[in-house]
Amino acid sequence: MSVKHITPTELYRLQQESGALGIIDVRECDEFAAISSPLATNLPLSSFNVENVVDKFDQKAPIFLLCRSGSRSMHAAQILASRGFQAVYNVKGGMIEWQAKGLPVVRR
């Protein structure tokens, strides 16, 4: 399976149209706590465990991975694609692009 790409704007629009989506932010907990998408679940790459993802997300449903710029999320996306997830998307530009487009964020 290969990893597909999606922009933050496309992902946000898709979420608005179809409801809850499987969005994983792989940044570290402190980064996620500082600012994050209100749509995402935090599963840091440093302790990324495919079994945790399998427990929380359907392997047949689309899953979207997000980080600061798109590098760490691409790594996590490749892991999931190699482990049988069927529709894996890397969010291009990550939270940098998410914020630049003015999409909703949560600051804790």
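See the structure printed just above.
On a predicted model such as this, the values are computed, not experimentally measured, just so you know.

Caption draft 1: Molecular detail of the pattern of salt bridges. By the definition in use, this model includes 4 salt bridges. Close ionic contact of arginine 83 with glutamate 51 constitutes a salt bridge, the shortest N to O distance being 3.2 Å. Within this pair, whereas arginine 83 is found in the loop between helix H4 (71-82) and strand S5 (88-91), its partner glutamate 51 is found in helix H3 (residues 50-56), the two being separated by 32 residues in sequence. Its relative accessible area of 45% is what places arginine 83 among the partly exposed residues. Assessed through its relative accessible area of 43%, glutamate 51 is described here as partly exposed. In this structure, glutamate 97 engages lysine 101 in a salt bridge whose closest nitrogen and oxygen atoms are separated by 3.6 Å.

Caption draft 2: Broad picture of the sheet that holds S5. Sheet architecture is open: 5 strands sit in the order S1-S5-S4-S2-S3, paired in parallel fashion. Whereas interior strands pair on both sides, the edge strands pair on one side only; in this sheet they are strand S1 (4-6) and strand S3 (41-42). Relative to strand S4 (residues 63-66), strand S2 (residues 22-25) runs parallel, the two sharing 4 bridges. Bridging from a neighbouring strand, glycine 22 pairs with isoleucine 63 of S4.

Caption draft 3: Examining the nonpolar core more closely. In this structure, Val53, Leu65, Leu80 and Val88 are the most contacted members of the largest nonpolar core, which totals 18 residues. Elements with a contribution of two residues or more to this core: H3, S4 and H4. Counting residues per element, this core draws most heavily on H4, at 4 residues. For leucine 80, the residues in contact, after removing those within four places along its chain, are Phe48, Val50, Val53, Ile63, Leu65, Phe85 and Val88. Counting 12 residues, the second largest nonpolar core, distinct from the first, contains Leu11, Ala40, Val91 and Trp98.

Caption draft 4: Quick look at the environment of arginine 107. Following the sequence through the fold, arginine 107 ends up in the segment after helix H5 (94-100). As for arginine 107 and proline 38, which are separated by 69 residues in sequence, their C-alpha atoms are 9.3 Å apart. Residues in contact with arginine 107, not counting those within four places in the same chain, are Ala33, Ala34, Ile35 and Gln99.

Caption draft 5: Here's a closer look at the packing of aromatic side chains. Overall, the coordinates contain 2 aromatic pairs when judged by the stated rule. Judged by centre distance (4.9 Å) and plane angle (25°), the rings of phenylalanine 64 and tyrosine 89 are stacked. Separated by 25 residues along the polypeptide, phenylalanine 64 in strand S4 and tyrosine 89 in strand S5 bring together distant segments of the chain. What makes phenylalanine 64 buried here is its relative accessible area of 1%. The ring of tyrosine 89 carries the charged tip of lysine 4 above its face, separated from the ring centre by 5.7 Å.

Procedures and definitions
- Residues numbered from 1 in each chain as written.
- Predicted model: local features only at pLDDT ≥ 70, side-chain atom pairs only at ≥ 80, totals over all residues.
- Heavy atoms only, no water.
- Salt bridge = Lys/Arg side-chain N within 4 Å of Asp/Glu carboxyl O.
- Helix = DSSP H or I, 4+ residues; strand = E, 2+ residues; numbered from the N terminus.
- Buried < 20%, exposed > 50% of the residue type's maximum accessible area, 1.4 Å probe, protein only.
- Pairing = 2+ DSSP bridges.
- Core = buried A, V, L, I, M, F, W, Y, C linked by side-chain atoms within 4.5 Å.
- Contact = heavy atoms within 4.5 Å.
- Phe/Tyr/Trp six-rings, centres within 6.5 Å; stacked < 30°, edge-to-face > 60°.
- Lys NZ or Arg CZ within 6 Å of the ring centre and 35° of its normal.

Scope: geometric values only; no functional claims are made or implied.
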